[in-house]
Amino acid sequence: MTSSGMSDIRFGETIKAYVKKYGDAKKLKAIPLAIAGWLRYMLAVDDEGKPFELAPDPRGEEIHAYMQKNFRLGETKETGDLLHSILSNPVLFGMDLYEAGIGETIETMFLKEIQGPGAVRETLKKYLD
């Protein structure tokens with residue numbers, strides 16, 4: 001992933017604060033869920049499996065193309081290193097999310113959200129109830 005020259009930090013300051021206070025950000029649940037949801041959103045397929053147009057995002061086209069190339073709704077393969085270039089990118093998040101202790105959590109949440117139609121709703125229920 002290349003830099004757009006802009007500061008695209010998403011939740012970075014909150015994550016940094018948790019790392020500073022607790023040594024990692026593993027206590028966070030909503031932010032990893034939001035980041036997983038953003039990755040899922042970047043597939044441009046709604047929870048029923050219907051395509052939609054993405055809202056403008058400074059890195060939208062690049063990340064959308066990458067996500068569509070590597071992931072499909074209904075595929076539950078492991079992410080391997082496929083999300084690493086995004087989740088470890090300090091331009092996007094202000095730090096490496098794996099070093100913060102939440103990269104793997106985001107991967108797990110994302111995989112649950114792409115299992116098939118209705119998976120986003122089920123994942124939200126699981127983590128927010």
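Small disclaimer: the values here were computed from a predicted structure and weren't measured.

Student: Please clarify how the overall build of the protein chain should be interpreted in this entry.
Tutor: Within the protein chain, the regular secondary structure consists of seven helices and zero strands. Sequence-ordered secondary structure for the protein chain, helices as α and strands as β, is α-α-α-α-α-α-α. For the protein chain, the C-alpha radius of gyration of 14 Å lies close to 14 Å, the compact-globule estimate for 129 residues. C-alpha extents for the protein chain along the principal axes are approximately 40 × 35 × 25 Å. For the protein chain, restricting intrachain contacts to residue pairs at least 6 apart in sequence, the fraction spanning at least 24 positions comes to 61%. Of the roughly 7100 Å² of accessible surface on the protein chain, a fraction of 53% belongs to carbon and sulfur atoms. Charge separation in the protein chain, taken as the distance between the mean sites of 17 positive and 20 negative side-chain charges, equals 5 Å.

Student: Help me understand the packing of helix α2 (residues 30-41) against helix α6 (residues 103-113), please; the structure alone is not making it clear to me.
Tutor: Axes are the key here: two packed helices are described by the angle between their axes and the distance separating the axes. Where α2 contacts α6, the two axes come as close as 8 Å, and the packing angle between them is 50°. In terms of their interaxial angle, α2 and α6 are classed as oblique. Of the two possible hands of crossing, α2 and α6 adopt the one that is right-handed. Within the contact between the two elements, α2 uses Pro 32, Leu 33, Ile 35, Ala 36, Gly 37, Leu 39 and Arg 40 and α6 uses Thr 105, Ile 106, Met 109, Phe 110 and Glu 113. For the contact of α2 with α6, the per-class residue count stands at eight nonpolar, two polar and two charged.

Student: Would you mind showing me how to read the environment of Gly 23 here?
Tutor: When you line up the elements, Gly 23 lands in the loop between α1 (12-22) and α2. Sequence-wise, Gly 23 and Asp 47 are 24 residues apart; in three dimensions their C-alpha atoms are separated by 35 Å.

Student: Is there a simple way to explain the confidence of the model for the protein chain in this structure?
Tutor: Detailed conclusions should not be drawn from predicted coordinates in areas where pLDDT is low. Per-chain confidence: the protein chain averages 89 in pLDDT, with 92% of residues scoring 70 or above. Predicted confidence is poor over residues 1-8, with pLDDT under 50, and the contacts of this stretch with residues over four places away or in other chains come to 19 contacts.

Student: Is there a simple way to explain the packing of α6 against helix α7 (residues 119-128) in this structure?
Tutor: Between α6 and α7, the least distance of the axes is 7 Å, while the angle of their chain directions is 135°. Considering their axes alone, α6 and α7 lie oblique with respect to each other. The residues of α7 that touch α6, namely those facing Thr 108, Met 109, Lys 112 and Glu 113, are Ala 119, Val 120, Thr 123, Lys 126 and Tyr 127.

The rules behind these values
Residues numbered from 1 in each chain as written. Predicted model: local features only at pLDDT ≥ 70, side-chain atom pairs only at ≥ 80, totals over all residues. Heavy atoms only, no water. Helix = DSSP H or I, 4+ residues; strand = E, 2+ residues; numbered from the N terminus. Rg over C-alpha atoms; globule rule 2.2 N^0.38 Å. Contact = heavy atoms within 4.5 Å. Areas by Shrake-Rupley, 256 points an atom, 1.4 Å probe, with all protein chains shown as cover. Lys, Arg positive; Asp, Glu negative; His and termini not counted. Charge placed at Lys NZ, Arg CZ, Asp CG, Glu CD. Axes fitted to C-alpha atoms, helices over the stretch in contact; angles between N-to-C directions. Parallel < 35°, antiparallel > 145°, perpendicular 65-115°, else oblique. Left-handed = near helix turned anticlockwise from the far one by under 90°. Nonpolar A, V, L, I, M, F, W, Y, C, P; charged D, E, K, R; others polar. pLDDT = per-residue confidence, 0-100.

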